[in-house]
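Below are the chains, spelled out letter by letter.
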Amino acid sequence: MLRRLRRGSAANHNCPKRCPVCVSELRHRPPPTSIIITFHNEARSTLLRTIKSVLIRSPPSLIQEIVLIDDFSSDPEDCQLLSEIPKVRCLRNGRREGLIRSRVRGANTASAAILTFLDSHCEVNTDWLQPMIQRVKEDHTRVVSPIIDVISLDNFAYLAASADLRGGFDWSLHFKWEQIPIEQKMARSDPTQPIRTPVIAGGIFVMDKSWFNHLGQYDTHMDIWGGENFELSFRVWMCGGSLEILPCSRVGHVFRKRHPYDFPEGNALTYIKNTRRAAEVWMDEYKQYYYSARPSAQGKAFGSIADRLTLRRKLNCKPFRWFMENVYPELRVPEQEAVSSVLKKAVCVWRPVGPTPSAWQSAGASAPTGRSRRDGNS
């Protein structure tokens, strides 16, 4: 295993370069981080590629440890072999727990003051870690994510993603990548400036451990995978923190076409349970739009949320209306969309003969579409 780590070629090829004006040197000596990777029946070669890229492309002083959580994979030998790699320790769950509870176990056992959550099918790019640690060191309430590049599922080629995207969602709580609003784009004088994002994809981010614990970690009553990124994103913004994507940090990720594992209650039911918990705890009166967009969620069991509601009151978090007005005003409520649609139709019907005003021309412009959420890992 150690020989393969040194001599293997998985992470030796050149990745797309960062923006030339990105600065690699840190202004202050940063604390090291614990990197937490959970996996379930992941291919050893893919796991090795992830770990190797971290060790090769990160300053050794910044890697305190790599904590692997084996979520009850079929072959327990995976954990034993990977533990032979320097700085790597592996913990194996006694039963299938899923991404969410496995990450909490990893965070609880981590010894560093800063946590880096990483999916098990990634390849980190050159100087990926320094900018994120720097941002968290400057403000411990920041939760920071890199630009997530694409690793081809067919041949594992590394493909650069746009640096003008942020995380968004629709009322069914489906994650999507979307273009930065034009106002924000025009105001950005430096392409390396952090991008404020309403939500993160959830697979890869850096967060202060004390802040993670203060905010209530994850909702451990969510199962396997799905929806935890919304719950965490809402909680961070509404309870005093912020989310951002750093263009100077890039990590490649394999976006799979289907889950290579089973959900005990089925993929759809699990996702409904998890997103319904997020909606019921955090979305206040706006949860009605979630149920309108996802009517199949009506009546589905989602367990007790008493402890999460208590947490929200304890943290004195802001209402979801504040999130809509200050963080994601671009997400229109259905009534607003309906009025906007009627006005557009009226403009088309009553448009006078002659040159078309530029405002009418722009009214029909279609919004950019983004790729769907990362596939998850556990």
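Our structure is the block above this text.
Keep in mind the model is a prediction, meaning the values are calculated, not measured.

Caption draft 1: Region of interest: the overall build of the protein. When helices and strands are counted, the protein shows 14 helices and 12 strands. Sequence separation of at least 24 residues holds for 80% of the intrachain contacts in the protein that already meet a minimum separation of 6. If you sum the accessible surface of the protein, you get close to 16,900 Å²; carbon and sulfur atoms cover 53% of it.

Caption draft 2: Looking closely at the state of the cysteines. By the definition in use, this model includes three disulfides. Shown here is the disulfide that connects C22 with C248, its sulfur atoms set 1.9 Å apart. Judged by the torsion about the S-S bond (-95°), the C22/C248 disulfide is left-handed. Note that C22 is positioned in the loop between α1 (2–7) and β1 (33–39) and C248 in strand β12 (residues 242–254), a separation of 226 residues in sequence. Like C248, C22 is buried. Note that C239 is cross-linked by a disulfide to C317, the S-S spacing being 2.0 Å. Because the torsion about its S-S bond is 100°, the bridge between C239 and C317 counts as right-handed. One end of the pair, C239, is in the loop between α8 (228–238) and β12; the other, C317, is in the loop between α11 (306–315) and α12 (320–326), with 78 residues separating them in the sequence. Like C239, the residue C317 is buried in the burial classification. Indicated for the protein is the disulfide connectivity 1-5, 2-3, 4-6, based on numbering the bonded cysteines in sequence order.

Caption draft 3: The packing of aromatic side chains, seen in detail. In this structure the tally under the stated criterion is 18 aromatic pairs. Between F169 and F230, the ring centres sit 5.7 Å apart and the planes meet at 75°, which makes this aromatic pair edge-to-face. On the criterion of sequence distance, the pair formed by F169 in strand β8 (residues 165–169) and F230 in helix α8 is long-range, its members being 61 residues apart. Across the pair, F230 and F169 agree in class, each one buried. Grouping aromatic residues by their ring pairs yields a cluster made of F169, W171, F230, F234, Y286, Y289, F320, F323 and Y328. The ring of W322 has K318 lying over it, and the distance from NZ or CZ to the ring centre is 4.9 Å.

Cut-offs and rules
- Residues numbered from 1 in each chain as written.
- Predicted model: local features only at pLDDT ≥ 70, side-chain atom pairs only at ≥ 80, totals over all residues.
- Heavy atoms only, no water.
- Helix = DSSP H or I, 4+ residues; strand = E, 2+ residues; numbered from the N terminus.
- Contact = heavy atoms within 4.5 Å.
- Areas by Shrake-Rupley, 256 points an atom, 1.4 Å probe, with all protein chains shown as cover.
- Disulfide = S-S within 2.5 Å.
- Buried < 20%, exposed > 50% of the residue type's maximum accessible area, 1.4 Å probe, protein only.
- Phe/Tyr/Trp six-rings, centres within 6.5 Å; stacked < 30°, edge-to-face > 60°.
- Lys NZ or Arg CZ within 6 Å of the ring centre and 35° of its normal.

Note that all results are geometric; they support no functional claim without further evidence.
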